[in-house]
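Spelled out, the chains give:
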Amino acid sequence: MLSILRTIWLTFLHIFHKTETVEYPEVKPYLPPRYRGRIILTRDKEGEERCVACYLCASACPVDCISLQATEDESGRRYPEFFRINFSRCIFCGFCEEACPTYAIQLIPDFEMGEYDRQNMVYEKEHLLISGQGKYPDYNFYKNAGVSIGVKGKGEGDHEEKPLDLKDLMP
Amino acid sequence: MEVSMIKILIDGKQYEVKPEKNLLETCLALGLNIPHFCYHPALGSVGACRLCAVKKFRDADDNKGRLVMSCLEPVKEGLIVSIEDDEAKEFRTAIIEGLMTNHPHDCPVCDEGGECHLQDMTVMTGHNYRRFDFKKRTYTNQYLGPFINHEMNRCIQCYRCVRFYRDYAGGKDLNVFASHNHVYFGRHEDGVLESEFSGNLIEVCPTGVFTDKTLKKHFTRKWDLSNTPSICVHCTVGCNILVSERYDSLRRIMNRYNGAVNGYFICDRGRFGYEFVNDDRRIRNAKIRPQKEENQVEADNEILTSRLKTSLAKSQKIIGIGSPRASLESNFALSVLVGNENFYHGISKKEQLLTHTVLDFLQKSGVQTPSLKQIEKADAVLILGEDLTNTAPMIALAVRQASRNIPNQEALKKGIPIWDDGPSRELAQDTKSPVFIVTPFKDGLDDLSEGTFRASYDDIAYLGFVITASLDNKFPVSITTDYEHQKFADKVASVLINAKNPLIISGITNGDEAIVYAALNIARALFESNPKCMLSMVLPECNSMGLAFIPGKSLDDLVALSAVEEINTLVILENDLYRRATADMVDFLLERSKQIIVLDHLTNRTSVHADLLLPAATFAESEGTLVNNEGRAQRYYKAIVNSNHVRESWRWIDEFIKINDQDKILSWNRFDDIVSSMVNEWPVFSKLKTYMPDSDFRMLNEKIPRQTMRHSGRTAIHANIAVNEAKIPNDSDSPFTFSMEGQPERPPSSLVSFYWSPGWNSVQSMYNDLDEPNGSLKGGDPGIRLIAPDGTVDIPYFKMIPTAKKLQKDEWMIVPVYQIFGSEELSSAGHTLTQRIRVPFVYLNRKDADSLGAVEGDRIRLVISKTNIVLIVRIENSLEQGIAGVSINLPGMPFIELPGIGNIYKL
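Everything quoted here is computed from the prediction, not taken from an experiment.

How each quantity is defined
- Residues numbered from 1 in each chain as written.
- Chains lettered and ligands numbered in written order.
- Predicted model: local features only at pLDDT ≥ 70, side-chain atom pairs only at ≥ 80, totals over all residues.
- Heavy atoms only, no water.
- Salt bridge = Lys/Arg side-chain N within 4 Å of Asp/Glu carboxyl O.
- Helix = DSSP H or I, 4+ residues; strand = E, 2+ residues; numbered from the N terminus.
- Buried < 20%, exposed > 50% of the residue type's maximum accessible area, 1.4 Å probe, protein only.
- Core = buried A, V, L, I, M, F, W, Y, C linked by side-chain atoms within 4.5 Å.
- Contact = heavy atoms within 4.5 Å.
- Domains from an automatic or database assignment.
- Buried area = accessible area lost by both parts, 1.4 Å probe.
- Axes fitted to C-alpha atoms, helices over the stretch in contact; angles between N-to-C directions.
- Parallel < 35°, antiparallel > 145°, perpendicular 65-115°, else oblique.
- Left-handed = near helix turned anticlockwise from the far one by under 90°.
- Nonpolar A, V, L, I, M, F, W, Y, C, P; charged D, E, K, R; others polar.
- Arc of directions from axis to C-beta.

1. Examining the pattern of salt bridges
Tallying each qualifying case throughout the model produces 65 salt bridges over all chains. Among the salt bridges present, the one from Lys45(A) reaches Asp138(A), with a minimum N-O distance of 3.7 Å. Taken together, the residues span a long stretch of sequence, with Lys45(A) in the loop between strand S1 (39–41) and helix H2 (56–60) and Asp138(A) in the loop between helix H4 (125–128) and helix H5 (141–144) at a distance of 93 residues. Here the two residues Lys45(A) and Asp138(A) agree in accessibility, since each one is exposed. Each of Arg163(B), Asp167(B), Arg404(B), Asp421(B) and Arg425(B) takes part in a single network of salt bridges with overlapping partners.

2. Topic: the nonpolar core
Generally speaking, nonpolar side chains in soluble globular proteins are found buried as a group. Residue and element names in this part refer to chain B. Within the largest apolar cluster, 113 residues are counted, with the highest numbers of intra-cluster contacts made by Phe164, Ile395, Val399, Phe619 and Leu862. The element contributing the most residues to this core is helix H13 (residues 393–402), with seven residues. Contact partners of Val399, with chain neighbours within four places excluded, come to Ile375, Val381, Ile383, Leu388, Val435, Leu445, Leu448 and Ile505. By size, the runner-up hydrophobic cluster in this structure holds 105 residues, among which are Leu308, Ala380, Tyr462 and Leu520.

3. A few points about the domain arrangement of chain B
Residue and element names in this part refer to chain B. Segmenting chain B into domains produces domain 1 (6–100), domain 2 (220–278 + 693–731 + 740–781), domain 3 (352–539) and domain 4 (811–906). Put simply, the middle of domain 3 and the middle of domain 4, counted by C-alpha atoms, are 27 Å apart. Residue-level contacts link 17 residues of domain 3 with 14 residues of domain 4. Across the interface of domain 3 and domain 4, roughly 1300 Å² is buried in total on both sides, 62% from carbon and sulfur atoms. Among the residues domain 3 hides against domain 4, the three largest losses belong to Asn390, Phe441 and Tyr457. Together they make up 38% of the total. Applying the counting criterion to the domain 3 and domain 4 interface returns one salt bridge. Residues Lys442 and Glu876 are paired through a salt bridge, measuring 3.4 Å at the closest nitrogen-oxygen approach.

4. A look at the packing of helix H16 (residues 457–471) of chain B against helix H17 (residues 483–498) of chain B
Residue and element names in this part refer to chain B. Close contact between H16 and H17 brings their axes to 8 Å; oriented N to C, the two are set at 55 degrees. With respect to each other, H16 and H17 are oriented oblique. Once H16 is placed against H17, the crossing between them reads as right-handed. Note on element contacts: H17 touches H16 through His485, Gln486, Phe488, Ala489, Asp490, Val492, Ala493 and Ile497, opposite Leu463, Val466, Ile467, Ser470 and Leu471. Residue composition of the contact of H16 with H17, grouped by class: nine nonpolar, three polar and one charged.

5. Here we look at helix H8 (residues 301–311) of chain B
Residues and elements named next belong to chain B. Restricting attention to buried positions, one finds in H8 the residues Leu304, Arg307, Leu308 and Ser311. Buried residues of H8 fall within an arc of 100 degrees about the axis and therefore sit on the same side. Those residues of H8 that are buried lie in contact with strand S14 (287–288), strand S23 (567–573), strand S24 (593–600), strand S25 (612–615) and helix H22 (649–660).

Below, the structure written as structure tokens:
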């Protein structure tokens, strides 16, 4: 008897508490920048695609929902010919972002991806690729890599000596 | 031979091991991981990279020990070492750290990533943080041709590439340049790598300096490739390969270790010849010709069936042409459809006669035909009229290893083990086991040769008979020859007779009967005195030997038949007849055939004549058994799921049989059914039944996965078509499944579908599959020998002595010149390999060219048996005067029967 009265009293007190529920979608919840939502592909500062199609995101994905094919342009820069994420399978674990060596793939605080047709949950590169750098500005993988592509010749990277002259005998 | 085992102590644990090995290979065989770079089982140890350091203790009382390189440490009784010693571990980590100071930040864009020996070793030693703050050294790259990509920044200076390319494979144009920390591995200038084995640099290089350029075009990581064990179809040797698929296309070919056939290496034709499978010229849909003179049009199933019903009605007489490049099973199916009496081999009468002669000799004479491994053990070699480097490159590579046997024995006497590569080569200098090369023009193996003999085919064959006569004084034919020939023959004979494991190599690709007979005679004569002598005969195609086991008539017989009676229905199985006989003959045959049904992979000159053209699956899309030149039957498996109308040839023919005769119930539902049906019909293949696990084979109730455990994209690959995942394609023909699910345990040796073991992602992980480095696969090397030399039948000598043909004025002796790239039909269709195919050419001696008034690069017209061909002149002074070598079977060349006599006119 007493416990019932106590329960009623406690419930009554909740009327004066601050409400936790927000009136979504009129009121949007606060999502921190590192919230793991929709996946995007970003570009570097020069506006080129960051993704080098290394397949690490695909291999890290525990639900195998990323599929891509690498190709190269005339300068030897590697990029994905297609890049597909099946969001109907994605569990937003963020492993792909952790695996990405070029900061290309990023998870952003957007979760509003509901669809009536499951087929529409399949995102191709044109849906994923944005024009900006996302969360990690200023990183350009090719500046740090040893390969020579359009933006940088051999030995022009940030941590590189000039290419060796093989005929040089100096120590 | 039983070797007495010795006891050694590793990290306090006692092991019984084989003596005369080095510590590194011993540990790898025991499954103990020691990081290493420069050691490669096929190349031996040089102690260059310093990574395989372990601690060695003097005796049980020694607790300080000293660091030694395990690759240079012979195992001796009572050896005490420690791999896990802290100082040794620290040393190895420091070595890797040093190597990594200049290694670029390339892994994401490096094709080696994921199967990189350097990655594996870095993880294995535990180095993970870069402390070196200075800049990285860079190099410029070179263009090395259409097959190999060069990225020199990634080099860690292990020297494996030059040791393989120069020391092992005899290449000349890859070397190491500059000094100290500037050393550079490449060519003296940009250019195509000349060696026929350059593709192996991809697997030999522990990092991504040399990578596969054909894979780069459709790059896929190792873990995403779906792999299937297969057999190379581009020559008669039958190397074991791994075929890799992704997104329904063939992505690359890798070597698959087989201790008896190809060890660690395959040739470039085998590695890069796969692109025809993905080619646009592939026949993927069935086509019919509605009326004579009309064009072929694509047909749906209904039209196709009704058309087949009329063509294959029981009242019709059906003739079948098999093929030496089709599997045993497909040939068998065709012979069941048409009956043995109507089954033709689809090769010329001469080729058929020669293959039969060879097979008959190998079965009855008792002379054994060696595997590649046995060829490597030969201590005296005679090559008679066969251009090995171009017709069977892997045999040439094996002969190259055989040439090291005698110097290696010398080194052993001086206490230098064979694996100790530096000193043993230093001691050998230029001494080699005797190799005699008797060919009409220069040979890729000339640099090994103790004696070369350049002559016309008639003289080569004649020399063979002279050698036989010097080997056996009972040789029934009297031979006279000039002093020079006699001297050379006597020298060869005395070397062969004194050798322990002499080897005769010849082949039928030269098309000269007398040379074949001469080679068989030499082997027979040698066998009398040395039962260990070996004979290796090169045949033209991947299943030439298999076809020889099957009853059937030749293409010439069929042409003769067609002159007598019209043919109702002609079924041509995977065979371009225009490569087998003159265009006149084939035109005649096809004109005399009312209905022509062609089953093939690629559009070719024969397929355009087809009234019904049916897409046949290639080696990558079907199961089949091939028999190589040593009579080893080996099986390949389906790597790609068939699409469109593409089906296995035997499945098409099974359908034909059902249409042809409804009473015949074969129930060939699965590949195994046709195998057992074939074995019942032709008991010569009875060993195939027990040869390897059939499609019911399971490991703990599961099929063997084609895909690695980290295969990615399963739920996204087809999501653009339908978001619901499709069912895994059913594979009732093999013990494999198109999935990653299955037993992670190692399957039987013939069913190994990819190399991986914990900590080893690179191809080096195959250590885990071998009983010891350079040894056999665990569970025995796959493949079953169908030829068991009998030795009880006394085969008489062949007595057909050739007489030198008299040439009229303006007449030339024309001999065939095979090309590794181009002379084989299927590989020539790949667009990368095409870049290496030369324009059809003629080799002429300079004096001959002068007499024609031609210089290098001029065009000439060759007229031979009414065929006209325009060819480019190439000066080749090793040819005797009066002989012209003509490139054979290159794309666009008409068939010419060689050797023959022809006329040459300058244009």
